[in-house]
Amino acid sequence: MRCITLWLLVVLLMPKGNHYKYERVLFIHADTDSVVVEGDLLTGRQEGGEFVQYIDGNVLVILDGTKVTADRAIRNVTRRTITFTGNAILIDDGDTLRTDSLHYEEELKVGYAVGNVQLSDGEVVALAPVGIHYVEERRAVFPQGLLLEDSVSVLTGEAGVYRIEDKVADLIGNVTMESEDAELTSDSLTHYRDFAISLARGSVLYLTASEGDSTWIAGERVERNAEDSLSIVRGNPLLVHLGRDSLSVDTLIVGAGTFRIQERQEGSRLDAMSDVRVWKTSFAARADSMVYDRSENGRHESAWFYGQPFIWIDNIQLTGDTVRVVLTEGTIDSLFILGNAFVAEEDSLTKRINQVRGKGLVGTFQGDSVRVFRLGPNAEAIYFSKDEDGEIDGALEASGDEIRLQFEGDSLRTTEFSTDVQGVRYPESALPDTLVLDGLKWEPTLKPMSERLLSHPLLSTLQWNR
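What counts as what
Residues numbered from 1 in each chain as written. Predicted model: local features only at pLDDT ≥ 70, side-chain atom pairs only at ≥ 80, totals over all residues. Heavy atoms only, no water. Helix = DSSP H or I, 4+ residues; strand = E, 2+ residues; numbered from the N terminus. Rg over C-alpha atoms; globule rule 2.2 N^0.38 Å. Buried < 20%, exposed > 50% of the residue type's maximum accessible area, 1.4 Å probe, protein only. Lys, Arg positive; Asp, Glu negative; His and termini not counted. Charge placed at Lys NZ, Arg CZ, Asp CG, Glu CD. Phe/Tyr/Trp six-rings, centres within 6.5 Å; stacked < 30°, edge-to-face > 60°. Lys NZ or Arg CZ within 6 Å of the ring centre and 35° of its normal. Contact = heavy atoms within 4.5 Å. Core = buried A, V, L, I, M, F, W, Y, C linked by side-chain atoms within 4.5 Å. pLDDT = per-residue confidence, 0-100. Salt bridge = Lys/Arg side-chain N within 4 Å of Asp/Glu carboxyl O. Pairing = 2+ DSSP bridges. 1 Å grid on protein atoms, 1.4 Å probe; cavity = no way out; pocket = protein on both sides within 12 Å on 5 of 7 lines; lining within 4 Å. Points joined across faces, edges and corners; volume = space filled by probe spheres on them. Nonpolar A, V, L, I, M, F, W, Y, C, P; charged D, E, K, R; others polar.

### Structural notes on the overall build of the chain
Right, on to step 1. Of the regular secondary structure elements, the chain holds 2 helices and 34 strands.
Right, on to step 2. Rg of the C-alpha trace for the chain: 36 Å, well past the compact-globule value of 23 Å for 466 residues, more than 25% over.
Right, on to step 3. Counting only C-alpha atoms, the chain reaches 130 × 40 × 30 Å along its principal axes.
Right, on to step 4. Looking at the 466 residues of the chain, the share that counts as buried comes to 49%.
Right, on to step 5. The averaged location of the 75 negative side-chain charges in the chain is 4 Å from the averaged location of its 45 positive side-chain charges.

### Overview of unusual backbone geometry
Right, on to step 1. Note the cis peptide between G376 and P377, where omega equals -5°.
Right, on to step 2. Within the secondary structure layout, P377 lies in the loop between β29 (370-376) and β30 (379-386).
Right, on to step 3. In this structure, K109 takes a positive phi of about 55° despite not being glycine.
Right, on to step 4. The backbone of D275 shows a phi angle near 50°, a positive value even though the residue is not glycine.
Right, on to step 5. Structurally, D275 can be placed in strand β21 (residues 267-280).
Right, on to step 6. What makes D275 partly exposed here is its relative accessible area of 38%.

### Quick look at the packing of aromatic side chains
Right, on to step 1. Summed over the entire model, instances satisfying the criterion amount to 5 aromatic pairs.
Right, on to step 2. On the basis of an interplanar angle of 85° and a centroid distance of 6.3 Å, the ring pair of F283 and F305 is categorised as edge-to-face. With F283 in strand β22 (residues 283-295) and F305 in strand β23 (residues 300-306), this pair connects stretches of sequence that are 22 residues apart. For the pair formed by F283 and F305, the shared burial category is buried.
Right, on to step 3. Ring centres 6.0 Å apart and planes at 80° place the aromatic pair F365 and F373 in the edge-to-face group.
Right, on to step 4. By relative accessible area, which is 14% here, F365 ends up buried.
Right, on to step 5. Residue classification places F373 among the buried positions, given a relative accessible area of 0%.
Right, on to step 6. The structure contains a cluster of three or more aromatic residues connected by ring pairs, namely F365, F373 and F407.
Right, on to step 7. Over the ring of Y54 we find R45, and its NZ or CZ is 5.0 Å from the ring centre.
Right, on to step 8. Against the face of Y134 rests R139, its NZ or CZ located 4.3 Å from the ring centre.

### Comments concerning the side chain of D95
Right, on to step 1. Position of D95 relative to the elements: it lies in strand β6 (residues 95-105).
Right, on to step 2. Sequence-distant contacts of D95, that is, excluding residues within four places in its chain, are made with L90, L119, S120, D121, H133, R138 and I164.

### Considering the nonpolar core
Right, on to step 1. Residues F84, V254, F259, F283, F305, L318 and L335 are the most contacted members of the largest nonpolar core, which totals 84 residues.
Right, on to step 2. Excluding anything up to four places from it in sequence, F305 contacts V278, F283, A285, A287, S289, M290, I311, D321, T322, V323 and V325.
Right, on to step 3. In this structure, A218, L238, V240 and L458 belong to the second largest nonpolar core, which totals 11 residues.

### Here's the deal with the confidence of the model for the chain
Right, on to step 1. Here the chain shows a mean pLDDT of 87. Residues at 70 or above account for 90%.
Right, on to step 2. Throughout residues 1-22 the model reports pLDDT below 50, and contacts reaching past four residues in sequence, or to other chains, amount to 37 contacts.
Right, on to step 3. Overall, residues 27-32 carries pLDDT values under 50, and its contacts beyond four positions in sequence, including any with other chains, amount to 21 contacts.

### What about the pattern of salt bridges?
Right, on to step 1. All told, the structure shown has 33 salt bridges when counted by the stated rule.
Right, on to step 2. R294 serves as the salt-bridge partner of D213, at 2.5 Å between the closest nitrogen and oxygen. Taken together, the positions of D213 in strand β16 (residues 213-225) and R294 in strand β22 put the pair 81 residues apart, joining distant regions of the chain.
Right, on to step 3. The exposure class assigned to D213 is buried, which follows from its relative accessible area of 14%.
Right, on to step 4. Assessed through its relative accessible area of 17%, R294 is described here as buried.

### Describing the pairing of strand β27 (residues 331-346)
Every regular strand shows the same layout, with side chains that alternate between the two sheet faces.
Right, on to step 1. Inspection of the sheet shows strand β25 (residues 316-319) paired to β27 by 4 bridges, in the antiparallel sense. What sits directly across from Q317, in β27, is A344.
Right, on to step 2. Alignment of strand β26 (residues 322-328) against β27, held across 7 bridges, turns out to be antiparallel. In the sheet register, T328 faces β27, and the bridge partner there is T331.
Right, on to step 3. Linking two consecutive strands that pair antiparallel, namely β26 and β27, is a turn of 2 residues; a positive phi of about 50° is found at E329 within it.
Right, on to step 4. One ladder, built from 11 bridges, connects β27 with strand β28 (residues 353-366); its direction is antiparallel. Within β28, the position partnered with F342 by the bridge is R357.
Right, on to step 5. The antiparallel hairpin formed by β27 and β28 contains 6 residues in its connecting segment, where K351 sits at a positive phi of about 65°.

### Side note on empty space enclosed by the protein
Right, on to step 1. On inspection of all chains with the given rule, the structure shows 3 cavities of 30 Å³ or more.
Right, on to step 2. In this structure, the second largest cavity spans a volume of roughly 40 Å³.
Right, on to step 3. Counting residues per element, the ones that place at least two in the lining of the second largest cavity are β7 (110-120) and β8 (125-134).
Right, on to step 4. Residues belonging to the lining of the second largest cavity are distributed by class as follows: 7 nonpolar, 1 polar and 2 charged.

Here you go:
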């Protein structure tokens, strides 16, 4: 019954012989569907038991609401396949597919496009050399490369899938994502256009730049919410920030287990968790976690360190329960330690460690080299004195309500007690074998170094002049 119904109009219009020609419209009706075929010239032939139509010029084929135009087409009516060549355009439910040639499976409703493929839903454009369009699923597969562009970003990859209904793109292989002031590269990426969310995986590098400042972020996974200006970075991430002015470059390098980066109108906030390592032009730090705030213009910065933090300023080591560092234009302005404050400094000649502790610390900085620390209450100190030749000539172990230390560079110049001072002066000949305050944690090997942090394998290809 199917064959009789399928060929009815064709047979009635055919002249005698095994082929026929006529101009313009042919309508073919089958049991389950309707197909409209139009063209300037149509030729039908029996070829090996199959009926084949050849359509030339201004081709139009309509199949269950899917419309295809082209310069030429060959339709195998028996197999229910059509091959379009020359400016092929498929339009279905708001989707438009343009290509040099298109092979369409009528029953499966799948189009195989080759050459200058362009798919658009009115908001996004996908460009590729080859594409497979699943009409009913509203899904397109691009096995030989994909460029996806919308009003916000451009994505490229060696292969990709775009789910048109869900507005979700999956790309793999040397993926890049570029926007106005950011660029991301990764091994694979999933982009949810409706939610402005991107999930990048495998060897991720993320660059943002504005007004001379540049920030690189490297990690194994980045979850980016562009609408909320929020990024989560996992997998041994590293952040490198370069702040430039007319005279210098201020560098911040941060390594950790996880980053949470929030960009706001007034500035940005970095939450770093698990084995945090920091190297900055003016200090270094190590802690379990950190919160780093930076103003929009970059002039003001503030860092909070939690969980057994260590801070190094030159060769001065500071520790405590919680440490806050305040910076202005890249230089430390003040420093605060809340709980179990400890300052330790090793004399470069004698290798003895000067030590001061108290419940808290307030530090102020003057210029590039003068640092003043006030510790208290319940302050204690061990200070090794030297003679004119730089040799140790004794030590002072003392306590008081408050101690004031003044450093020039990393050398301790003065030690002053405020009130209720008690202490013992040891001459060099009577120095105890060990003279250490409770709570000393002298750990110079833990100090982060820029060279070690920058040895991250993902940073080898960075162009630092960006």
